[in-house]
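Structural features, examined
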Amino acid sequence: ALTLARAAALVIAAALSLGGLSGETRAQDGATESGWRTVTTGMRHFTGLTCPDRVASLNRIHVLGSGVDRVAGCVYQGDDGTNAILRSHPVGTSAEITRTFSKRYSEAGFARLETTGASAAGVSFRTGRRGDGTRCETLWRFTAQTADYTLWMVYTLPSQAESIGPMVTAFAEVMARTDAR
């Protein structure tokens, strides 16, 4: 697993800004029923996970509620076909979530993919073709003091290879700010 400190050392060159958000208001879209509140630049779950409206080149399109092994999460989408889901989980559960992800994708017949760069730090599978490229799905797991996190992304290689690192960096910053609260 990548600890937030290790992720920061690998992919974050600049020091993280750990400032908080202000300007909290009630959400008008019903998201408060699942523990979400609108803040100045995004949505914040009562557990502290804040999902900005925009992370790197991705826009938040949906917030997710809690489940048995997940606390909260957000769905992001980019104009280039990249999709991501950031989830927070109870401390100590991300290893099992990653094992389950790997097992289910393997059982579904998807081939494990050996990658480089930021993708190599996650568990990646080849899930199809997109144009001349390979459609990939990767799950990264992160551990922190107050929660575990997973980041799932679907993207196309080689065309989007260079954008994955900055996206993972941006999400690691989101997790670090959440954990610092």
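Right above here is the structure, for reference.
Description of the structure in this document. (Residues numbered from 1 in each chain as written. Predicted model: local features only at pLDDT ≥ 70, side-chain atom pairs only at ≥ 80, totals over all residues. Heavy atoms only, no water.)

**Considering the pattern of salt bridges**
Scanning all chains against the criterion turns up 3 salt bridges. Two residues, Arg 60 and Asp 53, come together in a salt bridge whose shortest N-O distance is 2.4 Å. Residues Lys 103 and Glu 107 are paired through a salt bridge, measuring 3.9 Å at the closest nitrogen-oxygen approach. Linking Lys 103 with Glu 107, this pair stays in helix 2 (residues 94–107), spanning 4 residues, or about one helical turn. Like Glu 107, Lys 103 is exposed. (Salt bridge = Lys/Arg side-chain N within 4 Å of Asp/Glu carboxyl O. Helix = DSSP H or I, 4+ residues; strand = E, 2+ residues; numbered from the N terminus. Buried < 20%, exposed > 50% of the residue type's maximum accessible area, 1.4 Å probe, protein only.)

**Considerations on the pairing of strand 12 (residues 148–157)**
Extensive coverage of strand 12 is indicated by the burial of 9 of its 10 residues. Bridge count for strand 8 (residues 83–89) against strand 12 is 7 bridges, and the pairing is antiparallel. Following the sheet pairing, Leu 86 is matched in strand 12 by Leu 151. Judged from the 10 bridges that link them, strand 11 (residues 133–143) and strand 12 form a sheet pairing that is antiparallel. Looking at strand 12, one finds that Glu 137 is bridged to Val 154. Connecting strand 11 to the antiparallel partner strand 12 that follows it, the hairpin turn spans 4 residues. (Pairing = 2+ DSSP bridges.)

**Digging into the layout of surface pockets**
If you add up the space inside the largest pocket, you get close to 260 Å³. Lining the largest pocket are 14 residues, with Arg 87, His 89, Ile 97, Leu 139 and Thr 150 sitting closest to its centre. Mapped by element, the contributors of at least two residues to the lining of the largest pocket are strand 8, helix 2 and strand 12. (1 Å grid on protein atoms, 1.4 Å probe; cavity = no way out; pocket = protein on both sides within 12 Å on 5 of 7 lines; lining within 4 Å. Points joined across faces, edges and corners; volume = space filled by probe spheres on them.)

**With respect to the pairing of strand 3 (residues 42–45)**
Working note: regular strand, side chains alternate between the two faces of the sheet. With 4 bridges joining them, strand 2 (residues 36–39) and strand 3 adopt antiparallel strand pairing. Residue pairing for strand 3: Val 39 is matched across the bridge by Gly 42. What sits between strand 2 and strand 3 in their antiparallel hairpin is a turn of 2 residues. Relative to strand 4 (residues 50–52), strand 3 runs antiparallel, the two sharing 3 bridges. Among the inter-strand pairings, Gly 42 is bridged to a residue of strand 4, identified as Pro 52. Between strand 3 and strand 4, which pair antiparallel in sequence order, lie 4 residues; one of them, Gly 48, sits at a positive phi of approximately 110°.

**Remarks on the side chain of Thr 98**
Tracing the backbone shows Thr 98 in helix 2. Taking the relative accessible area as the measure of exposure, Thr 98 reaches 11% and is therefore buried. Excluding residues within four positions of it along the chain, Thr 98 makes contact with Val 123, Leu 139 and Arg 141. (Contact = heavy atoms within 4.5 Å.)

**Brief notes about the sheet that holds strand 3**
What the 3 strands build is an open sheet, ordered 2-3-4; its pairing is antiparallel. Across the chains shown, the open sheet's two edge strands, defined by having one partner strand only, are strand 2 and strand 4. Averaged over all adjacent pairs, the angle separating strand axes in this sheet is 25°, with direction ignored. (Axes fitted to C-alpha atoms, helices over the stretch in contact; angles between N-to-C directions.)

**Side note on the state of the cysteines**
Under the definition given, this model contains 1 disulfide. The disulfide that involves Cys 51 links it to Cys 74, with 2.0 Å between the sulfurs. One quick way to see it: the torsion about the S-S bond of Cys 51 and Cys 74 is about 100°, and its sign makes the bridge right-handed. With Cys 51 in strand 4 and Cys 74 in strand 7 (residues 72–78), this residue pair connects regions lying 23 residues apart in the sequence. On the accessibility criterion, Cys 51 (0% relative accessible area) is buried. For Cys 74, a relative accessible area of 0% corresponds to the buried category. (Disulfide = S-S within 2.5 Å.)

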